Amino acid sequence: MADGTSEPAAGANAALVDDVRTWLAENWDPDLSVEDWWSAVAKAGWTAPHFTPEEGGRGLPRQSGAIVRSTFGTEGALRPPGGLGLLMAAPTILTHGTPDQIDRLVTPILDGRAGWCQLFSEPGAGSDLAGLTTRAVRDGDRWIINGQKVWSSMARECDHGMLLARTNLDVPKHSGISWFAFRLDQPGVTIRPLREMTGDAVFNEVFFDDAECADADLIGGEGNGWTVTQTTLYFERTGIGAGGGHAGFPSPGPLGGMLGRRAGDAALDEVPGSNLTLSSKDLLALARRTGRNTDPAIRQKLAELITLTDIGVWNARRGKAEAARGGGQAVANIGKIAQTRIMKLSGEIALDILGADGMLASPDGPDDGRYSHAFVFAPASSIYGGTDQIQRNIIGERVLGLPRDPNPDKEVPYGEVLRRIASGR
Ligand SMILES: Cc1cc2nc3c(=O)[nH]c(=O)nc-3n(C[C@H](O)[C@H](O)[C@H](O)COP(=O)(O)OP(=O)(O)OC[C@H]3O[C@@H](n4cnc5c(N)ncnc54)[C@H](O)[C@@H]3O)c2cc1C
């Protein structure tokens, strides 16, 4: 996969915008269905321009995706499909999958026919993800799944999940996990929504009751799930650290509600800004509009935000340069912590600018309650994709060489660990 180690220069950006505009002038047709439009977009390599041409992309640097999407938006065309499939599942399967798996599973992500969620966290396994207990037991050419996941964002709108399950209890915990491309639309799966403090119900609990997964959909081999997961988490953290995340992208897949629509109507409905994140540009515009741009306290905070954002961009560039030399993994952890700080500060500034109006939520608040929503969502950023404390642990242990967290059960078969926990020993 193209690793995005080179930054597009300003001239290259302008050339890319021209390329996209030319392509759209020839191909954008608002009367197509979203499904047909996304198929044309994927064939042209615009969904993931940073993938190689063999993988369905254009071999461009990683940042090019944002330029392509924004140019689609400014030209009035429906943007390419997004979601967790594009952010995490596709690069994971490209890295660890067989040619057959890549062909069957990555193509529908690129053309928006599949919607993916992440089925990692469990009630007893979040930061300690390797302590998961959802079981997968082999039965001929299929696996039978039993257990529960939680905090599964968008699971009700998805037909596929990146599922981690324990396939062997006789080996230490990191060795007995496997990574499955799992179909959610089957009788053994129950999905229940969970409401967050934003008022939305993006989260879900997912229960598996003799659910099935074909052996052909086991990615990276039996018992190799922890290695495969590191790839998924790397792409999650770098996506978040780069400010990308998956917020505000059109929802793909048969349950995303987009495929059968007229592409022109779907493009008109696209929200120009996300109600999860606020950029320094958004906040500068808000400060000017409300006349608060002359307040020295607001100016100082805005300057801090712009400084942190610029440092974030430089950090991402440093990560790319280090990746080119074969290192740089910890830059993703640093970038993730930095992005959390930026999100919290942005929410704070918005409410400082708005004063009492900032307390109003949708539909009464300014810009449909966008600012109060982003403020209430901001604390989540220090939890998802690995908490701030876990990111700091990783940096401490892997970069600074500090002693590792004690882990007395590391070499003990996980079935034995569970027996000890159950007996209170
Ligand atoms: C908005 C959002 C979206 C999410 N989406 C998904 C999703 O789609 N799929 C999915 O699988 N999960 C998802 N999650 C779950 C997320 O990955 C977990 O919440 C996260 O990994 C933390 O796990 P936990 O909630 O079990 O907390 P715990 O692991 O129980 O942690 C509780 C507290 O203890 C601290 N802590 C734990 N261990 C250590 C340690 N060793 N050293 C220092 N401090 C420690 C943590 O930092 C935290 O402050 C999402 C979470 C959020 C907030």
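Note that the structure is a prediction, hence the values are computed from the model and not measured.

> What should I look at first to understand the overall build of the protein in this one?
Within the protein, the secondary structure is distributed over 13 helices and 8 strands. Each principal axis of the C-alpha distribution contributes one length, and for the protein these read about 65 × 50 × 45 Å. For the protein, the proportion of its 425 residues judged to be buried stands at 45%. Per element, the accessible surface of the protein, about 19900 Å² overall, is 53% carbon and sulfur.

> What am I meant to see in helix α11 (residues 366-377) here?
An α-helical segment advances 3.6 residues per turn. Residues three or four places apart therefore align on the same side. An ideal rise of 1.5 Å per residue puts 16 Å on 12 residues; α11 measures up with 17 Å between its terminal C-alpha atoms. Taken together, the buried positions of α11 are occupied by Pro 366, Gly 369, Arg 370, Tyr 371, Ser 372, His 373, Ala 374 and Phe 377.

> Help me understand the site of the ligand in this model?
Around the ligand, a shell composed of 17 residues is seen, among which Ser 121, Ser 127, Trp 151, Thr 387 and Gln 389 lie nearest. Ser 153 places a polar side-chain atom, nitrogen or oxygen, 2.8 Å from a nitrogen atom of the ligand. Sort the elements by how many residues they give to the shell around the ligand and helix α12 (residues 388-399) lands first, with 3 residues. For the shell around the ligand, the per-class residue count stands at 7 nonpolar, 9 polar and 1 charged.

> Could you clarify how one ought to interpret the layout of surface pockets in this entry?
Rolling a probe over the atoms, with the probe sized like a water molecule, indicates the empty space that remains. One number sums up the size of the second largest pocket: a volume of about 220 Å³. Taken together, 13 residues make up the lining of the second largest pocket; nearest its centre are Glu 55, Gly 56, Val 106, Thr 107 and Leu 110. For the lining of the second largest pocket, the secondary-structure elements that each account for two or more residues are α2 (34-43) and α5 (99-110). A total of 5 residues in the lining of the second largest pocket trace back to one element, the largest contributor, which is α5.

> I keep staring at the packing of helix α4 (residues 84-96) against α5 and nothing clicks. Help me out?
Two numbers describe a pair of packed helices, the interaxial angle and the distance between the axes. The geometry of α4 relative to α5 is characterised by a closest axis approach of 10 Å and an angle of 160° between their N-to-C directions. When the interaxial angle is binned, α4 and α5 end up roughly antiparallel. In the packing of α4 onto α5, the handedness of the crossing is left-handed. Seen from α4, the contacting residues are Gly 85, Leu 86, Ala 89, Ala 90, Ile 93 and Leu 94; seen from α5, they are Gln 101, Ile 102, Leu 105, Val 106, Ile 109 and Leu 110. Residues of the contact of α4 with α5, tallied by class, amount to 10 nonpolar, 2 polar and no charged.

Conventions used here
Residues numbered from 1 in each chain as written. Predicted model: local features only at pLDDT ≥ 70, side-chain atom pairs only at ≥ 80, totals over all residues. Heavy atoms only, no water. Helix = DSSP H or I, 4+ residues; strand = E, 2+ residues; numbered from the N terminus. Buried < 20%, exposed > 50% of the residue type's maximum accessible area, 1.4 Å probe, protein only. Areas by Shrake-Rupley, 256 points an atom, 1.4 Å probe, with all protein chains shown as cover. Expected span 1.5 Å × (residues − 1). Near = heavy atom within 4 Å. Polar contact = N/O pair within 3.5 Å; in protein donor to acceptor, adjacent residues only side chain to side chain. Nonpolar A, V, L, I, M, F, W, Y, C, P; charged D, E, K, R; others polar. 1 Å grid on protein atoms, 1.4 Å probe; cavity = no way out; pocket = protein on both sides within 12 Å on 5 of 7 lines; lining within 4 Å. Points joined across faces, edges and corners; volume = space filled by probe spheres on them. Axes fitted to C-alpha atoms, helices over the stretch in contact; angles between N-to-C directions. Parallel < 35°, antiparallel > 145°, perpendicular 65-115°, else oblique. Left-handed = near helix turned anticlockwise from the far one by under 90°. Contact = heavy atoms within 4.5 Å.

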